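Residues per chain, in single letters:
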Amino acid sequence: MSKKMVMFILIPILILIICAIVLFLVFGMEKGYSGTVTANGSPLENVSVSDGRNVVKTDQNGNFVLKGYRKTHFITVTAPAGYQTENYYIKADKTKADGYDFDLQTSDISAGASHSFLQISDTEIGEKGVGDWINYLKDISAKEKPAFLIHTGDICYKAGLKKHIEGMNTENMGVPVRYIIGNHDYVDGKYGEELFESLYGPVWYSFEVGNVHYVVTPFQTGADRKSCYNKNDRWRWLENDLANTDSDMKVVIFNHNVPPNEDYVISFDRKELDLKQHNLIAWVFGHYHYNYIEENNGVLAISTARPDCGGIDSSVSGARMINISADGTVTTDMTYYDFNGAAQTVENAAWETQLEDNILFTNTLSDGQFVYTATTDEDYPRSCAVYCLDAENGSVVWKYDTVNSVKNNLILNEESIIAQDCEGNVYCINAKNGEKIWQTSVNLGTGLSTSSGITLSNGLVYAGCAAGITALDASTGKPIWKNIRNYGEGSPAEFVVADDKLLVSSHWDALIALNKNKGKQLWENKDGDLRFRSSTPAVIDENTLIAADSGAIMLIDANTGEITHKETLEGYNFSSSARPVINGSIAYIATANKGILAYDFSAKEIIWHTETGKAMIYTAPYTNGDAQTVEPTPVLKDNCLSFGASDGMLYKISAETGEIIKTENIGAPMFSSPAMIGNDIIVSDFSGRVIRINNF
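Computed from a prediction, not measured in an experiment: that's the story for all the values here.

Trainee: What am I meant to see in the environment of Thr402 here?
Mentor: By the element assignment, Thr402 lies in the loop between β27 (396-401) and β28 (411-413). A polar side-chain atom of Thr402 sits 2.9 Å from the main-chain carbonyl oxygen of Asn404.

This is how it looks when you write it as C-alpha cells:
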C-alpha cells in the first residue's frame, strides 16, 4: 500500500479521534465545583459537602472543591450536629465552577443531645391539596416541638407534588420539613425525578441532629417513571457519605421502601456495604401504608401509615413521633388522627378496666366466668399482651406478654386461649391461670404481615397470613402442613373453614380455598372486587359463600370459587373487617362507609340500611371524611344485632327492620366484636378499655 493511501486512511481517523477528545473535554469532563461553608458568617471546618457522588470535607477556611460527575444535579451540604439550614442544596450549573456557598445557623439542639422527629407518609393528595389533617400535624408540632418533620414519600403525581409543598413546608409548619421521593412521585418529564427535584431538591442527601446522622435515599426500583440515575448511584454516594461521617454518630436512613434485607447489607459494584458497621439504628419508611415496627440485628424498621385515612392493611390513620435519646436508644409514640383517648366514663357500665395499650380487631371472648382480649402496641418498646379478666368485677386475673401486637381474633378452645401476634408467634395459654401450654412461630412468607385471622377446626389451628399458612396441632403446636405462597398484603380478614376447605383472604390478590387437611390450593378467584380482601367471607351452606368487599356483594360457589351472583352497590364500600352474619336468607353486612345493612341473598335486594355516626379515626383502607365505619362482626341475639362502631357508639338494632333500639356512648371507637353474658354485653374499645354493661 502506498504512503498516499495510508495517509488517506489515517488522516480522517485522526480527525475523528481529535474531535472526540475535544467533545469529551468540552461536554464530558466535569470542571469541578468549589465554594465555602460558614456558620453565621464564620468559616466552618470539617463539614461534608457532596456533588451527588463524591463527598469532601471543608478545610480550616471553610473551603471545598468537588470534582463532580456527569449526573451532578445539586451541590449539598451536610449540616453537622449543632447547626441547621434550610438552604442545604444549590442547583449545579455546569458553566459555573465556584460560588457554591452555604451559611449555616446554630441549632437549638446541641451536638449529642436527645431529640425527636415526626414522621408521616403516603398522603397521596391531589389538586385540592392537603386536608384538615394538616392542622392535626401542626398541633403535634406545636406541642411536641420535633427537630423536623419527615414525609417518607408518595406525595403524589404531578398535582400532588405541586400542591403539597404549598400546604406543608417549613414556614407554615413551624418546624423544618423534609420530603422523600416515593414510587408515585416519579412523573412524566425528561426523567422521573425532574419535577420532584425542581420543587423539593435532591433525592439523596444527609444532615445531622443531636447524635444522629440522617440519610435521605430515594425509592427507585419499581417507580412509576424511569429514573435518570443508575440504581447503584445512590449507594455509591452513600458509601462516600458514611465514610465521611464521624464514627461515634448513630445513623438513621429514610427511604420510601422497606430495608434491602434483614441484615442491612447493600450489594453494589461487586462489593458490600454493611450499614450496621456504620451504627445504623433505624430504617424509616412508608409505601406499605402500615403501622409497624420490626427489630432485626439491633436495627428497627419503622413504618407509618397515612395520617388522613385507613391503611392498606387497615392500619389506623396517624403520625409517629420518633425519639432518639442521648445514647442512641429509639422510642416511638403514635398519635392517631383524630383520637387521643377515651372521652368519658361510660354511664351505664357495671365495670370498666383500662389495659395498658390499644385493642384492635381482637374479638372479646367470655366463658361466663372470665373475659379474654389482647392488645396492640404500635410503638417501641412494646407492652402488648393477652389478658384474662374476671367477668364479675373486671379485675385482671392474668396477663401473658406477647412479642408483638395481636391484631386479630382469639380462639377459646376448651380450657385454652390461642392467639397469634404480628411476627407469626402463636401462643397457646391456659385459660384459667395464664400459664404457657405451648408457643411456636410460623412462616409468614415475604413482606410484612401486620394482621391475619387464625381459626380452629377439628383439632387443627390454622395460623399465619395470606403469604404463609400453617396448620398446627391444637394440643401440641406441632406443624401439620405449610403452604408458603409468598404473596398477598396484610389485612384483618379472618381465616374461615367451609366444610373441607380453608378460605384465605389474600389482600390485593384473591380469595383462595385450600384443602384444610393437606394445605393444597383448590381454587382462587381474582375478580376485580373480590381481590380486595379486607373483609371476612361467610358460609351460607356447604355449596355457597358470601363475600362483600370493594363496592359489591358476591355469592360464590364454594366448590369452584366461581361468582354466581354479584350485586354492585353504588356509593357503598364493603372494606370492613367484619364477617357477614347469616340468618336464614338474610346476611347482615357491615360497611366501611355507610353503617350496616341487611341483604336478602335469595331475593337479591337490600332489606334495610342503618347509618352510624362519623368515624372518630379511620381504619378501613382509604376511608376518611364522613365515613360511617363498622369493623366488628355484630352479635345476633334475640332477633337483635349488637355491635360497636368507629363513631364510639355501641348499638343494639332490630334484625328485622334495622331500627335503633338502644345506644351507649362508649367515647372511643370499637373495632372488635363484643361478648354476651346473658343480657349483659362486654365490649373492648381502641383506648384499651374493657367494659361490661348490664341489660343492654
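Trainee: Teacher, can you tell me more about the side chain of Arg234 here?
Mentor: Tracing the chain through its elements places Arg234 in helix α6 (residues 233-243). Notably, Arg234 is buried but unbridged: the nearest opposite-charge side chain belongs to Asp233, and the N-O separation is 9.0 Å. What Arg234 contacts, discounting residues up to four positions off in sequence, is Trp204, Pro218, Phe219, Gln220, Thr221 and Asn255.

Trainee: Which parts of the structure should I look at to understand the environment of Ser227?
Mentor: Within the secondary structure, Ser227 is located in the loop between β14 (212-216) and α6. Residue Ser227 is classed as buried on the basis of its relative accessible area, which comes to 17%. Separated by 41 residues in sequence, Ser227 and Tyr186 place their C-alpha atoms 7.5 Å apart. Other than its neighbours up to four places away in sequence, Ser227 contacts Tyr186, Glu193 and Gln220. There is a polar contact of 2.3 Å between the side chain of Ser227 and the side chain of Glu193.

Trainee: It is not clear to me how unusual backbone geometry should be interpreted in this structure. Could you clarify?
Mentor: The peptide bond linking Tyr337 to Asp338 adopts the cis configuration, its omega dihedral lying at 0 degrees. Residue position: Asp338 is located in the loop between β22 (330-336) and β23 (349-354). Cis geometry marks the peptide bond from Tyr380 to Pro381; its omega dihedral reads 0 degrees. Relative to the assigned elements, Pro381 resides in the loop between β25 (370-374) and β26 (385-390). A positive phi angle is found at Asp499, which is not glycine, with a value near 60 degrees. Its identity is not glycine, yet Asn639 carries a phi of approximately 60 degrees, on the positive side.

Trainee: Sorry, what's going on with the packing of aromatic side chains here?
Mentor: All chains considered together, the criterion is met by 31 aromatic pairs. If you follow Lys91 out to its NZ or CZ, it ends over the ring of Phe74, 5.7 Å from the centre. Lying over the aromatic face of Tyr572, Lys594 brings its terminal NZ or CZ to 4.9 Å of the ring centre.

Trainee: Just checking my understanding: could you explain the sheet that holds strand β42 (residues 552-557) for this structure?
Mentor: By way of backbone hydrogen bonds, the strands of a sheet pair with one another, either parallel or antiparallel. The strand order across the open sheet formed by four strands is β40-β41-β42-β43, and the pairing between neighbours is antiparallel. Each having just a single partner strand, β40 (538-541) and β43 (563-568) make up the two edges of the open sheet. Taking each pair of neighbouring strands and ignoring which way they run, the sheet shows an average axis angle of 20 degrees.

Trainee: Just checking my understanding: could you explain the nonpolar core for this structure?
Mentor: Nonpolar side chains tend to gather and get buried jointly when the protein is soluble and globular. Counting 56 residues, the largest nonpolar core has Leu137, Met168, Leu238 and Leu275 as its most contacted members. If one sorts the elements of this core by residue count, helix α2 (residues 133-144) sits on top with five residues. Beyond its immediate chain neighbours, meaning those up to four positions away, Leu275 contacts Leu238, Leu242, Ile253, Tyr264, Ile266, Leu280 and Trp283. Ala147, Val209, Val216 and Ile324 belong to the second largest nonpolar core, which has 38 residues in total.

Trainee: Before we go on, may I ask you to explain the pairing of strand β1 (residues 33-39) in this structure?
Mentor: Regular strands place side chains that alternate from one sheet face to the opposite one. Burial analysis of β1 places five of its seven residues in the buried class, the great majority of the element. Here β1 runs beside strand β5 (residues 63-66); their pairing, made up of four bridges, is antiparallel. For Gly35, the partnering residue across the bridge sits in β5 and is Phe64. By the bridge criterion, three bridges tie β1 to strand β9 (residues 102-106) in an arrangement that is parallel. Counted as the bridge partner of Thr38 is Asp103 from β9. Strand direction decides the pairing type here: β1 and strand β2 (residues 42-43), joined by two bridges, are antiparallel. Within the sheet, the bridge partner assigned to Thr38 lies in β2 and is Pro43. Hairpin geometry of β1 and β2 is characterised by an intervening segment of two residues between the two adjacent antiparallel strands and by a positive phi of about 55 degrees at Asn40.

Trainee: For this particular structure, what's the right way to read the pattern of salt bridges?
Mentor: Pairing is possible between side chains that carry opposite charge, provided their charged atoms lie close to one another. Under the definition given, this model contains 26 salt bridges. Ionic pairing is found between Asp274 and Lys276, a salt bridge with its closest N-O pair at 3.0 Å. Take Lys276: its relative accessible area is 28%, and that puts it in the partly exposed class. Ionic pairing is found between Asp509 and Lys526, a salt bridge with its closest N-O pair at 2.3 Å. In this pair, Asp509 is assigned in the loop between β37 (501-506) and β38 (510-515) and Lys526 in the loop between β39 (521-525) and β40, connecting sequence segments 17 residues apart. Looking at Asp509, the relative accessible area reads 2%, which means it is buried. Here the residues in one salt-bridge network are Arg53, Lys71, Asp233, Arg236 and Asp269, joined through shared partners.

Trainee: What exactly am I supposed to notice about the sheet that holds strand β33 (residues 460-465) here?
Mentor: The strand order across the open sheet built from four strands is β32-β33-β34-β35, with neighbouring strands paired in antiparallel fashion. Of all strands in the sheet, those with a lone pairing partner are β32 (455-457) and β35 (479-484), marking the two edges. The mean inter-strand angle of the sheet, taken between neighbouring strand axes irrespective of direction, is 20 degrees. Pairing between β32 and β33: three bridges, direction antiparallel. Of the residues in β33, the one forming a bridge with Leu456 is Val461.

Trainee: Explain the side chain of Thr455 to me, please; I cannot follow it from the model alone.
Mentor: By secondary structure assignment, the location of Thr455 is in strand β32. If we skip the residues at most four places from it in the chain, Thr455 touches Ile411, Leu460, Val461, Tyr462, Phe495, Val497 and Leu502.

Conventions we followed
Once a new chain begins, its residue numbering starts again from 1 and follows that chain's sequence as written. Predicted model: local features are reported for residues with pLDDT of at least 70 only, side-chain atom pairs are reported and counted for 80 or more only, and whole-chain, interface and lining totals are derived from all residues. Just so you know, side-chain values use all the structure's heavy atoms and leave hydrogens and water out. Secondary structure elements follow DSSP: runs of H or I of four or more residues count as helices, runs of E of two or more count as strands, with numbering from the N terminus. Identification of polar contacts relies on pairs of N or O atoms within 3.5 Å, with a donor-acceptor requirement for protein atoms, meaning one able to donate a hydrogen and the other able to accept it, and with residues adjacent in sequence counted only if both atoms are side-chain atoms. The buried label applies to any residue whose accessible area, calculated with a 1.4 Å probe on protein chains only, is under 20% of its type's maximum; exposed applies above 50%, and partly exposed to all values in between. His is not counted here, nor are the chain ends, while Lys and Arg score as positive and Asp and Glu score as negative. Counted as salt bridges are all cases of a side-chain nitrogen of Lys or Arg within 4 Å of a carboxyl oxygen of Asp or Glu. By the convention used here, residues are in contact when the closest approach between their heavy atoms is within 4.5 Å. Two rings from Phe, Tyr or Trp (for Trp, the six-membered ring) form a pair when their centres sit within 6.5 Å of each other. Planes less than 30 degrees apart are called stacked, planes more than 60 degrees apart edge-to-face, and all others tilted. In this scheme, Lys NZ or Arg CZ marks a charge over a ring once it lies within 6 Å of the ring centre and within 35 degrees of the ring normal. One requirement defines pairing of two strands: DSSP has to find at least two bridges between them. Angles here are taken between N-to-C directions and fall from 0 to 180 degrees, while the axes themselves are lines fitted to C-alpha atoms, restricted in helices to the stretch in contact. Each nonpolar core is a collection of buried residues, namely Ala, Val, Leu, Ile, Met, Phe, Trp, Tyr and Cys, held together in the definition by side-chain atoms within 4.5 Å.

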